[in-house]
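Structural features, examined
Listed below are the residues making up each chain.
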Amino acid sequence: MRKKSDEPTEPSIDWDLAAAAFDEEPDHGLRDPGVRAAWARRLRAWLPERGCDLLDLGCGTGSLSLLAAEQGHRVTGVDLSPAMIDLARAKLAGRDAVFLLGDAAAPPVGEQRFDTLLVRHVLWTLPDPARVLRHWRGLVRPGGRLVLVEGVWGTVAPVGMAADRLTALLAPLTERARVERLSQDAGLWGGAVTDERYAVVATV
């Protein structure tokens, strides 16, 4: 979600139009072997060791879904963009993965529950993150986890969500949460970055 290589776009962007070029960003398409390996290492640390039912919200073209599937997890991806969903389905053809068209804030999964929710660079775009987190918490089985990758981008008019705010929102909903700072891991982004990037892994 970037208007430049280091800043997310505004939430009002037309993601169907953006889909064709979305994977050109190093941390979107994960086409560079080093970037791909860096994200694979992080996912391996964040996700359960054994295969789990994973919900990837705002999955985009499915790059993280693919890494999770390769690590043995059963993936359900949700995105609001039909073009993104089409690309994700093609990318994970033959894998244990299902992709649904829908709103990440209220994913169309019915009564299904998951062991892990994986969400990258989505929560900051939503108008009521506290309400969304409560809903997401209800989609996770007891003992499961939320893996939320977020950040704050830009200097003149920064956008995003700071780690302190996210952990405060999670405090009444989760047993524990840890923050991993990601800004210094240049391998994740295809180069050095100076803004705030992090992941919160919270157990419910």
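Residues numbered from 1 in each chain as written. Predicted model: local features only at pLDDT ≥ 70, side-chain atom pairs only at ≥ 80, totals over all residues. Heavy atoms only, no water.

**Re the overall build of the chain**
Within the chain, the regular secondary structure consists of seven helices and eight strands. Here the C-alpha radius of gyration of the chain, 15 Å, is about what a compact globule of 204 residues would show, namely 17 Å. Projected onto the principal axes, the alpha-carbon positions of the chain cover approximately 40 × 40 × 30 Å. In the chain, buried positions account for 50% of the 204 residues. Accessible surface for the chain amounts to roughly 9,300 Å². Of this, 50% is attributable to carbon and sulfur atoms. Computed over 25 positive and 28 negative side-chain charges, the separation of the two mean positions in the chain equals 5 Å. (Helix = DSSP H or I, 4+ residues; strand = E, 2+ residues; numbered from the N terminus. Rg over C-alpha atoms; globule rule 2.2 N^0.38 Å. Buried < 20%, exposed > 50% of the residue type's maximum accessible area, 1.4 Å probe, protein only. Areas by Shrake-Rupley, 256 points an atom, 1.4 Å probe, with all protein chains shown as cover. Lys, Arg positive; Asp, Glu negative; His and termini not counted. Charge placed at Lys NZ, Arg CZ, Asp CG, Glu CD.)

**A few points about the packing of helix α6 (residues 129-138) against helix α7 (residues 163-170)**
Between α6 and α7, the least distance of the axes is 10 Å, while the angle of their chain directions is 50°. Classified by the angle their axes make, α6 and α7 are oblique. Crossing of α6 against α7: the hand is right-handed. Packed against α6, whose contacting residues are Pro 129, Ala 130 and Leu 133, the element α7 presents Arg 165, Leu 166, Leu 169 and Leu 170 at the interface. (Axes fitted to C-alpha atoms, helices over the stretch in contact; angles between N-to-C directions. Parallel < 35°, antiparallel > 145°, perpendicular 65-115°, else oblique. Left-handed = near helix turned anticlockwise from the far one by under 90°. Contact = heavy atoms within 4.5 Å.)

**Comments concerning the side chain of His 73**
Looking at the element boundaries, His 73 is found in the loop between α4 (63-70) and β2 (74-79). The buried category is assigned to His 73, whose relative accessible area is 2%. Residue contacts for His 73: discarding those within four places in its chain leaves Leu 47, Pro 48, Arg 50, Gly 51, Cys 52, Ala 68 and Asp 96.

**Structural notes on the pattern of salt bridges**
Taken as a whole, this structure holds twelve salt bridges when the rule is applied. Residues Arg 95 and Glu 70 are paired through a salt bridge, measuring 3.7 Å at the closest nitrogen-oxygen approach. Remark: Glu 70 occurs in helix α4 and Arg 95 occurs in the loop between α5 (82-91) and β3 (97-101); sequence separation between them is 25 residues. Given the relative accessible area of 40%, Arg 95 is considered partly exposed. Judged by its relative accessible area of 37%, Glu 70 is partly exposed. Taken together, the shared-partner salt bridges in this structure form one network comprising Arg 42, Arg 178, Glu 180 and Asp 185. (Salt bridge = Lys/Arg side-chain N within 4 Å of Asp/Glu carboxyl O.)

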